[in-house]
Amino acid sequence: GENVEQHPSTLSVQEGDSAVIKCTYSDSASNYFPWYKQELGKRPQLIIDIRSNVGEKKDQRIAVTLNKTAKHFSLHITETQPEDSAVYFCAASIIGKGNQFYFGTGTSLTVIP
Amino acid sequence: NAGVTQTPKFQVLKTGQSMTLQCAQDMNHNSMYWYRQDPGMGLRLIYYSASEGTTDKGEVPNGYNVSRLNKREFSLRLESAAPSQTSVYFCASRHSGNTIYFGEGSWLTVV
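The rules we used
Residues numbered from 1 in each chain as written. Chains lettered and ligands numbered in written order. Predicted model: local features only at pLDDT ≥ 70, side-chain atom pairs only at ≥ 80, totals over all residues. Heavy atoms only, no water. Helix = DSSP H or I, 4+ residues; strand = E, 2+ residues; numbered from the N terminus. Rg over C-alpha atoms; globule rule 2.2 N^0.38 Å. Buried < 20%, exposed > 50% of the residue type's maximum accessible area, 1.4 Å probe, protein only. Contact = heavy atoms within 4.5 Å. Areas by Shrake-Rupley, 256 points an atom, 1.4 Å probe, with all protein chains shown as cover. Lys, Arg positive; Asp, Glu negative; His and termini not counted. Charge placed at Lys NZ, Arg CZ, Asp CG, Glu CD. Pairing = 2+ DSSP bridges. Salt bridge = Lys/Arg side-chain N within 4 Å of Asp/Glu carboxyl O. Axes fitted to C-alpha atoms, helices over the stretch in contact; angles between N-to-C directions. Phe/Tyr/Trp six-rings, centres within 6.5 Å; stacked < 30°, edge-to-face > 60°.

**With respect to the overall build of chain B**
Argument step 1. What chain B contains, in helices and strands, is 0 helices and 11 strands.
Argument step 2. Of the regular secondary structure in chain B, the N- to C-terminal order runs β-β-β-β-β-β-β-β-β-β-β.
Argument step 3. The globule rule puts the C-alpha radius of gyration for 111 residues at 13 Å, and the 13 Å found for chain B is close to it.
Argument step 4. Taken across its 111 residues, chain B has 51% of its residues classed as buried.
Argument step 5. Long-range pairs, those at least 24 residues apart, make up 53% of the contacts in chain B between residues at least 6 apart in sequence.
Argument step 6. Here chain B has roughly 4,900 Å² of accessible surface; of this, 49% comes from carbon and sulfur atoms.
Argument step 7. Looking at chain B, you have 10 positive and 8 negative side-chain charges, and the mean spots of the two groups are 3 Å apart.

**Comments concerning the pairing of strand 2 (residues 10–14) of chain A**
Residue and element names in this part refer to chain A.
Argument step 1. Where burial is concerned, the two faces of strand 2 differ: the one with Leu11 and Val13 is buried and the one with Thr10, Ser12 and Gln14 is not.
Argument step 2. With 5 bridges connecting them, strand 2 and strand 11 (residues 107–112) associate as parallel partners. In the sheet register, Gln14 faces strand 11, and the bridge partner there is Ile112.

**A closer look at the pattern of salt bridges**
Argument step 1. Under the defined criterion, the tally for this structure stands at 7 salt bridges over all chains.
Argument step 2. Residues Arg43 of chain A and Glu104 of chain B are paired through a salt bridge, measuring 3.1 Å at the closest nitrogen-oxygen approach. Here the residue Arg43 of chain A occupies a position in the loop between strand 4 (32–38) and strand 5 (45–51), and Glu104 of chain B occupies one in the loop between strand 10 (100–102) and strand 11 (106–110), the pair thus bridging two chains.
Argument step 3. On the accessibility criterion, Glu104 of chain B (43% relative accessible area) is partly exposed.
Argument step 4. Between Asp38 of chain B and Arg44 of chain B there is a salt bridge, and its shortest N-O distance comes to 2.9 Å.
Argument step 5. Among the residues examined, Asp38 of chain B registers a relative accessible area of 11% and is labelled buried.
Argument step 6. Each of Arg36, Asp38 and Arg44 of chain B takes part in salt bridges that share partners, so that together they form one network.

**As for the sheet that holds strand 1 (residues 4–7) of chain A**
Hydrogen bonds between backbone groups are what pair the strands of a sheet, and the pairing can be parallel or antiparallel.
All names here are of chain A.
Argument step 1. Sheet architecture is open: 5 strands sit in the order 1-3-8-7-6, paired in antiparallel fashion. If you trace the sheet from one side to the other, it starts and ends with strand 1 and strand 6 (56–59), each paired once. Ignoring strand direction, the axes of neighbouring strands in this sheet form an average angle of 15°.
Argument step 2. Relative to strand 3 (residues 19–25), strand 1 runs antiparallel, the two being bridged by 4 bridges. Opposite Val4, over in strand 3, you have Tyr25 as the bridge partner.

**With respect to the packing of aromatic side chains**
Argument step 1. Counted according to the given criterion, the structure contains 16 aromatic pairs over all chains.
Argument step 2. Geometrically, the ring pair formed by Phe103 of chain A and Tyr35 of chain B is edge-to-face, given 5.4 Å between the ring centres and 90° between the ring planes. One end of the pair, Phe103 of chain A, is in strand 10 (residues 101–103); the other, Tyr35 of chain B, is in strand 4 (residues 31–37), on a second chain.
Argument step 3. With a relative accessible area of 9%, Phe103 of chain A lands in the buried category.
Argument step 4. When the centroid spacing of 6.2 Å and the interplanar angle of 25° are considered together, the rings of Tyr33 of chain B and Tyr35 of chain B count as stacked.
Argument step 5. Residue Tyr35 of chain B is classed as buried on the basis of its relative accessible area, which comes to 0%.
Argument step 6. Taken together, the aromatic side chains of Tyr32, Tyr36, Phe101 and Phe103 of chain A together with Tyr33, Tyr35, Tyr48, Phe90 and Phe102 of chain B make up a single cluster linked through ring pairs.

Have a look at this one:
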């Protein structure tokens, strides 16, 4: 099956700085890569996703890049704010009925005011 | 439209007791999942159901059973709870081609 590795496990940045979280995957058949944000005591919620036919996707301060050849994808958060503090999970999947999602182990991001 | 609803939210069990976590979704999704979340280990798949009438093991199925009662409902049963099953459990659902949506989580403590 798929193996998703995520780094770093913890990340602290000053408010206003950028944060980058990286993930690698092993299965070249994976073609869908979502990112989830989980606040303390809450459920994971989708913040952005990318499909393998796209190299980059941006949504305001959040962007995701994908390198299919190297099998890695990254989450970029610019102009970080204290409310960005949370645990972020990457995932990899194959689009289609019943396919599993494979999650990274999470990155705990702290934005220092 | 409630999304994914799971119950109970909190539960304390004694070792050896049994219980069932209930999950229902109202989004007409085909696939449903049960994950457990432990510190530093991310979200690990216990069981999933690609469609009504089918279930498959995930990464950590030992000690659990599931039932896909109908398209809406997918339950997780612990037959004889162990302290190692202390965790936060998330139910999720997904329509083909789209991302998954999580329930609010169930905090289970086995003493």
